[in-house]
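Residue-level structural notes
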Amino acid sequence: MNSTDTITENGTTHEIGALPKTAFSEMTGLDIFRLMMAGDLPAPPIMIHSNIRMKEFEEGRAVFTGLPAKEFLNPLGTVHGGWISTLIDTALSCAVHTTLKLGEFYTTTSLNVNMVRPLQATSGEVICEGRIVHRGSRLATSEGDLRNADGKLIAHGTVSCMILKPS
């Protein structure tokens, strides 16, 4: 991948790459996502190969979509739990990200995923919503679910994130 990689979604072209180092010191977490959605800040590179896309954000809530594909199948022919876990980690951790104040950043410290039904590569687009449960000064937790187009629950989970400030 080079610095000119882009992806176009819903008429908006997004540069793909890491956020500028100044983003966390100059913007809130929610501001960062609003600018990413507008195409004014780069979108995460993981979006390209994982078929995960940003959908909507508000403080304490993040929604992503995913498109399962044959590249994500396990030996049994269903979508690998790692892809499901990646989508859940993305939405739930980004729900925490939307609550960041100027100068804060975070890292996931634990992820728990419960898969309740198999997901097929032909299932079509799925949607994952993450919601804040607790936001303290050092620790945040969120929960969420992954559903298919019919609204059936595929998986649900929780994430804990450590809130960090530059030293």
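Check the entry above for the structure.
Reference entry: report on the structure contained in this document. (Residues numbered from 1 in each chain as written. Predicted model: local features only at pLDDT ≥ 70, side-chain atom pairs only at ≥ 80, totals over all residues. Heavy atoms only, no water.)

Turning our attention to the state of the cysteines. A full pass over the atoms with the stated rule returns zero disulfides. Cys-161 supplies the cysteine sulfur nearest to Cys-94, a cysteine that is in no disulfide, at a spacing of 9.0 Å. Here Cys-128 stays unpaired: no disulfide links it, and the sulfur of Cys-94, its closest cysteine neighbor, is 10 Å away. (Disulfide = S-S within 2.5 Å.)

Glancing now at the nonpolar core. When a protein is soluble and globular, its nonpolar side chains tend to lie buried together. In this structure, Phe-57, Phe-64, Trp-83, Ile-84, Leu-87, Ile-88 and Leu-146 are the most contacted members of the largest nonpolar core, which totals 40 residues. With nine residues, the top contributor of residues to this core is helix α4 (residues 81–97). Other than its neighbours up to four places away in sequence, Trp-83 contacts Ser-50, Asn-51, Ile-52, Gly-66, Leu-67, Pro-68, Phe-72, Leu-119 and Val-126. (Core = buried A, V, L, I, M, F, W, Y, C linked by side-chain atoms within 4.5 Å. Buried < 20%, exposed > 50% of the residue type's maximum accessible area, 1.4 Å probe, protein only. Helix = DSSP H or I, 4+ residues; strand = E, 2+ residues; numbered from the N terminus. Contact = heavy atoms within 4.5 Å.)

The full count for this structure, using the stated rule, is three aromatic pairs. Considering the side-chain rings of Phe-33 and Phe-57, the 4.2 Å spacing of their centres and the 20 degrees angle between planes classify their relative orientation as stacked. With a gap of 24 residues between them, Phe-33 in helix α2 (residues 29–38) and Phe-57 in strand β3 (residues 52–58) connect regions that are remote in the sequence. Assigned by exposure class, Phe-33 and Phe-57 land together as buried. With centroids separated by 5.4 Å and ring planes inclined at 20 degrees, the aromatic side chains of Phe-72 and Trp-83 adopt a geometry described as stacked. Of this pair, Phe-72 sits in the loop between β4 (61–66) and α4 while Trp-83 sits in helix α4, and the two are eleven residues apart along the sequence. This pair shows no difference in class: Phe-72 is buried, exactly as Trp-83 is. Members of the aromatic cluster, each reached through a chain of ring pairs, are Phe-33, Phe-57 and Phe-64. (Phe/Tyr/Trp six-rings, centres within 6.5 Å; stacked < 30°, edge-to-face > 60°.)

The sheet built from six strands is open, its strands ordered β3-β4-β6-β7-β8-β5 with antiparallel pairing. Two strands in the sheet have a free side with no partner beyond their single neighbour: β3 and β5 (105–115). Adjacent strand axes in the sheet meet at a mean angle of 20 degrees when their direction is disregarded. Sheet analysis places strand β7 (residues 139–147) next to strand β8 (residues 153–164), joined by nine bridges and oriented antiparallel. Paired with Arg-147 across the bridge in β8 is Leu-153. (Pairing = 2+ DSSP bridges. Axes fitted to C-alpha atoms, helices over the stretch in contact; angles between N-to-C directions.)

Note that all results are geometric; they support no functional claim without further evidence.
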